[in-house]
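Tertiary structure, described
The primary structure of each chain is shown beneath.
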Amino acid sequence: MSLAAYCVICCRRIGTSAPPPKSNTYWKDIRNIIKVTGSLILGGSLFLTYEVLALKKSLTLDTQGVEREKMKSYIYVHTDSLDKRESYGLTYQARKELHKTVRKVLVTSAKILRGPFADTFSTVDIEDHECASWLLLRKSKSDDRTVRLQAVQDMSEAHHWHDYQYRTIAQACDLRTRVGLARSQQSDLRFFLPPPPLPALKEDSSIEEELRYLLASLPLTELDECVQYFTSLALSESSQCLAAQKGGLWCFGGNGLPYAESFGEVPSATVEMFCLEALVKHSEISTHCDKIEANGGLQLLQRLYQLHKDCPKVQRNIMRIIGNMALNEHLHSTIVRSGWVSLLAEALKSPHIMEASHAARTLANLDRETVQEKYQDGVYVLHPQCRTSQPLKADVLFIHGLLGAAFKTWRQQDYDQAPAEKASGDGTRYTTCWPKTWLAGDCPALRIISVEYDTSLSDWRARCPTERKSIAFRSNELLQKLRAAGVGDRPMIWVSHSMGGLLVKKMLLEASQKPEMSTVINNTRGIIFYSVPHHGSHLADYSVNVRYLLFPSLEVKELSKDSPALKVLQDDFLKFAKDRNFQVLNFVETQPTSIGSMIKLHVVPVESADLGIGDLIPVDVDHLNICKPKEKGAFLYQRTLQFIREALARDLEN
């Protein structure tokens, strides 16, 4: 406005003043106008610039927090640098050394304060062992196996990261890394994404019906007649619970179908359980595993697994199926993508030895990065169940007998105490598997394997079309499974109870006849026998009369004192063991074993437990407790530990 007023005044002056020379007056006024106008424009511009900058500053938001949130959603992938010169030069080296110093200070402060590293320093140039999450992820995909293994180990030991860093790894890691993290003892479960949503069931269908459809889709080829019979019978039964009371115990757990006489006589079992038992046998055949996967079996079994979290027997059979499928490497990617690794990683951390051992077997079969062996159904590693840097120098194999199992046979001797005390985590008070709890702690350089096979005292009463397996058949089957698990590659000790000792003797004799099994013989350092009936048992004689409890099966009949096969086995093995100079330790019970409430039976007398070589040590317990020490300091365990250490002394030193 002032500019306009000034222009008007100047115009009036020009109009009323005496007319000077026209040209001079005109240009003088023009120059004045330009001077004033220029000053005003310059001043106004400076003023407006200042106001704009001030306003911008007052309205500017700190986006550092936003940037951090954006970082959480990033997925870091492996990329090679385009500038090869960036790793050279004095400036780069000086900057790197400075960052290393800062990082060490941060590491120290994080350990002291138990806090995370600052985001500002999460991407500085650091050494390999000081990697941030994205750099470890890149190294886990390296072509160098050593670099990959170290990266997975560093990830598993990371407990200071933010939640989004674990989720970044979970989203972007490959199959090898995911399985490796699952097998790492200290891994955070946030490394594993929840399993993907399961497909909806078909309309008007139930899980039980879907399970039966899956079983019906599998061929009945390449199966023995008993499994074919069980499968057909399971499919023909209704979906209602099939329960009936049968007197006494007639079959005990293992790898076979524990309810095989008649589904109409099974105590409180369902069709789902029968289908799972049949699927276990089907999953031992590679082509059938392909069918199970193609027909949605992985998702269906996962649904059943999550539905029956309170039923260990159902979960055990499902784990066996998945473990058998994991023996086929072409199915590994499908198993991982279906979300099973997340469930297995959680199960591996379970305090229940059976659940953790089944998960450990499956993950070991999936882990082709550090495991060359394959663990078939019934072969369980008790130690180590996770990846370890501890070199393994020898194997100890545990073989149970009749009425036994891979875990419960080797538990601590039962005694009266409060359930809360018995379930406590104090391993010195009670353990459900002393080889895993005690022996692994005393001899960490050992690989400890426990074998499970189906045993029965029942003769099936002609319900199964074929005969049960003999000791000779079982020994050959177990020998093949153990060799696939790498048994024979290291020095070993055999530990057996009851009929398990007969299987050990038969396996060693068979291995001596096969050149491909020579390492099993050459690396056998010693054998421990817990009440093994080398010369027969009274069990078969009693089982004929006490039919409400014992229905003599083929394996029971083979234990009779007049069994020709048993005498030949004893004579052949005694000569063989003397020639090979095996170290042998024999334990034998001195107390009778209670059978029911009225009968006591001395299952293995002292004379029958005498192999003919090695020490024979009587122990004041019955047949069931001869392999169950009362406590870690008990003579039974300490003498066993002493024998193992002495037999493997040279190997453990090396």
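This one's a predicted model, so the numbers in the text were calculated from it and none came from an experiment. Residue numbering note: each chain is counted from 1, following its sequence as written. The predicted origin of the model limits local features to residues at a pLDDT of at least 70 and limits the giving and counting of side-chain atom pairs to 80 or more, whereas totals for whole chains, interfaces and linings rest on all residues. To obtain the side-chain values, all non-hydrogen atoms of the structure were included, while hydrogens and water were left out.

**Notes on the overall build of the protein chain**
Regarding its fold elements, the protein chain presents 28 helices and 11 strands. The buried label goes to any residue with under 20% of its type's maximum accessible area, the exposed label to any with over 50%, and the partly exposed label to all in between, with areas taken from a 1.4 Å probe on protein chains only. Put simply, the protein chain has 654 residues, and 48% of those count as buried. Residue pairs at least 24 apart in sequence account for 76% of intrachain contacts in the protein chain once pairs closer than 6 positions are excluded. Accessible surface, the protein chain as shown: approximately 32,500 Å² in total, 55% of it carbon and sulfur. Helix and strand assignments follow DSSP, with helices taken as H or I runs no shorter than four residues and strands as E runs no shorter than two, numbered in order from the N terminus. In this analysis, two residues are considered to be in contact whenever any of their non-hydrogen atoms come within 4.5 Å of each other. Values of accessible area rely on a 1.4 Å probe in the Shrake-Rupley scheme; residue burial ignores everything except the protein chains shown.

**Brief notes about the side chain of N625**
Counting through the fold element by element, N625 comes out in the loop between β11 (615-619) and α27 (635-647). By relative accessible area, N625 is classed as buried at 19%. The contact partners of N625, leaving out residues within four places of it in the chain, are Q413 and L636.

**As for the environment of L601**
By the element assignment, L601 lies in strand β10 (residues 599-601). The exposure class of L601 is buried, given its relative accessible area of 2%.

**Some remarks on the nonpolar core**
By size, the foremost hydrophobic cluster in this structure holds 59 residues, and its most contacted members are L276, L279, I318, M325, I335 and W340. The leading source of residues in this core is helix α11 (residues 271-282), at eight residues. In these notes, a set of buried Ala, Val, Leu, Ile, Met, Phe, Trp, Tyr and Cys residues joined through side-chain atoms within 4.5 Å is what counts as a nonpolar core. Listed in part, the 52 residues of the second largest apolar core include V451, F529, V556 and F573.

**Looking at the environment of H330**
With respect to the helices and strands, the residue H330 is situated in the loop between α14 (312-325) and α15 (332-337). Distance from H330 to D290, taken between C-alpha atoms, is 9.3 Å for residues 40 residues apart in sequence. If we skip the residues at most four places from it in the chain, H330 touches S286 and D290. Here a polar contact is recorded for every N or O atom pair within 3.5 Å, except that within protein the pair must consist of a potential hydrogen donor and a potential acceptor, and residues adjacent in sequence are included only if both atoms are side-chain atoms. Side-chain polar atoms of H330 contact the side chain of D290, separated by 2.6 Å.

**As for helix α20 (residues 471-484)**
With 14 residues, α20 should reach 20 Å at 1.5 Å per residue; the first-to-last C-alpha distance of 20 Å fits that figure. Of all the residues in α20, the buried ones are I471, R474, S475, L478, L479, K481 and L482. One side of α20 carries all its buried residues, which in axial view fall inside an arc of 165 degrees. Positive backbone phi, approximately 85 degrees, marks G486, located one or two places after α20. Under the convention used throughout, the expected extent of a helix is 1.5 Å for every residue step, that is, one less than its residue count. As used here, the arc belongs to the directions running from the helix axis to the C-beta atoms.

**With respect to the packing of helix α6 (residues 145-156) against helix α8 (residues 175-182)**
Two elements in contact, α6 and α8, have axes whose closest approach is 10 Å; the angle formed by their N-to-C orientations is 50 degrees. Taken together, α6 and α8 sit at an angle that is classed as oblique. Where α6 crosses over α8, the two elements pack in a sense that is right-handed. Of the residues in α8, those touching α6 at R148, V152, M155 and S156 are R176, T177, G180 and L181. Angles shown run from 0 to 180 degrees and are taken between the N-to-C directions of axes, each axis being a line fitted to C-alpha atoms and, for helices, limited to the stretch in contact. To sort the angles, those under 35 degrees are grouped as roughly parallel, those over 145 as roughly antiparallel, those from 65 to 115 as roughly perpendicular, and the leftovers as oblique. Note on convention: the crossing is left-handed when the near helix lies turned anticlockwise from the far helix by less than a right angle, right-handed when the turn is clockwise.

**Quick notes on the pairing of strand β7 (residues 524-530)**
Among the seven residues in β7, six count as buried, and that is most of the element. Relative to β7, strand β6 (residues 492-497) runs parallel, the two being bridged by six bridges. Across the sheet, W494 pairs through a bridge with I527, a residue of β7. A pair of strands is considered paired only if DSSP assigns at least 2 bridges between the two.

**Brief notes about the pattern of salt bridges**
We define a salt bridge as a contact between a side-chain nitrogen of Lys or Arg and a carboxyl oxygen of Asp or Glu at a distance within 4 Å. Summed over all chains, the structure comprises 20 salt bridges. In this structure, R167 and D163 form a salt bridge, with 3.8 Å as the shortest nitrogen-oxygen distance. On the criterion of helical spacing, the pair formed by R167 and D163 is a turn pair, its members being four residues apart in helix α7 (residues 163-172). For R167, a relative accessible area of 28% gives the class partly exposed. Among the residues examined, D163 registers a relative accessible area of 38% and is labelled partly exposed. Among the salt bridges present, the one from D188 reaches R190, with a minimum N-O distance of 3.0 Å. On the accessibility criterion, D188 (18% relative accessible area) is buried.

**Quick word on helix α9 (residues 207-216)**
Across the 10 residues that make up α9, a large majority, seven, are buried. Among all positions of α9, only I207, E208, E210, L211, R212, L214 and L215 are buried. Buried residues belonging to α9 abut α10 (225-236), α11, α12 (286-294) and α13 (297-307).

**Brief notes about the packing of aromatic side chains**
Pairs were defined over the aromatic rings of Phe, Tyr and Trp, the Trp ring being its six-membered one, requiring ring centres within 6.5 Å. Orientation was assigned from the angle between planes: stacked under 30 degrees, edge-to-face over 60, tilted for the rest. Throughout the structure, instances matching the rule amount to 14 aromatic pairs. Taking 6.4 Å as the distance between ring centres and 85 degrees as the angle between the ring planes, the aromatic pair formed by W410 and W434 counts as edge-to-face. Separated by 24 residues along the polypeptide, W410 in the loop between β3 (394-399) and α18 (419-422) and W434 in helix α19 (residues 434-442) bring together distant segments of the chain. Taking the relative accessible area as the measure of exposure, W410 reaches 0% and is therefore buried. Assessed through its relative accessible area of 1%, W434 is described here as buried.

**Considering unusual backbone geometry**
Between H383 and the following residue, P384, the backbone shows a cis peptide bond with an omega angle of -10 degrees. Along the chain, P384 falls in the loop between β2 (379-383) and β3. One non-glycine residue, S531, lies in the positive phi region at around 45 degrees. Structurally, S531 can be placed in the loop between β7 and α23 (539-545).

**A few points about the sheet that holds strand β4 (residues 446-451)**
With respect to topology, seven strands assemble into an open sheet ordered β2-β4-β3-β6-β7-β8-β11, the strand pairing being mixed. In this open sheet, the two strands that pair with only one neighbour each are β2 and β11. The sheet shows a mean angle of 20 degrees between the axes of neighbouring strands, direction not considered. Sheet topology places strand β8 (residues 583-589) next to β11; five bridges connect them, and they run parallel. Among the inter-strand pairings, N586 is bridged to a residue of β11, identified as L616.

**Quick word on the pairing of β2**
Every regular strand shows the same layout, with side chains that alternate between the two sheet faces. Buried residues dominate β2, accounting for five of its five residues. Bridge count between β2 and β4: four bridges; the pairing is antiparallel. Its bridge partner being in β4, V381 is matched across the sheet by I449.

**Some thoughts on the environment of A577**
For A577, the location among the structural elements is in helix α25 (residues 564-580). We classify A577 as buried; its relative accessible area is 1%. When the C-alpha positions of A577 and G526 are compared, they lie 9.8 Å apart, and in sequence the two are 51 residues distant. In this view, A577 contacts F582 and I613; residues no more than four positions away in its chain are not counted.

**A short note on the packing of α14 against helix α17 (residues 353-366)**
In contact at an axis separation of 8 Å, α14 and α17 are set at 15 degrees when each is read in the N-to-C sense. By the criterion of interaxial angle, the relationship of α14 to α17 is roughly parallel. Between α14 and α17 the crossing geometry is left-handed. Note on element contacts: α17 touches α14 through M354, E355, H358, A359, R361, T362 and N365, opposite Q315, R316, M319, R320, I322, G323 and N324. For this classification, Asp, Glu, Lys and Arg are treated as charged, while Ala, Val, Leu, Ile, Met, Phe, Trp, Tyr, Cys and Pro are nonpolar and the rest, including Gly, are polar. Split by residue class, the contact of α14 with α17 holds four nonpolar, six polar and four charged.

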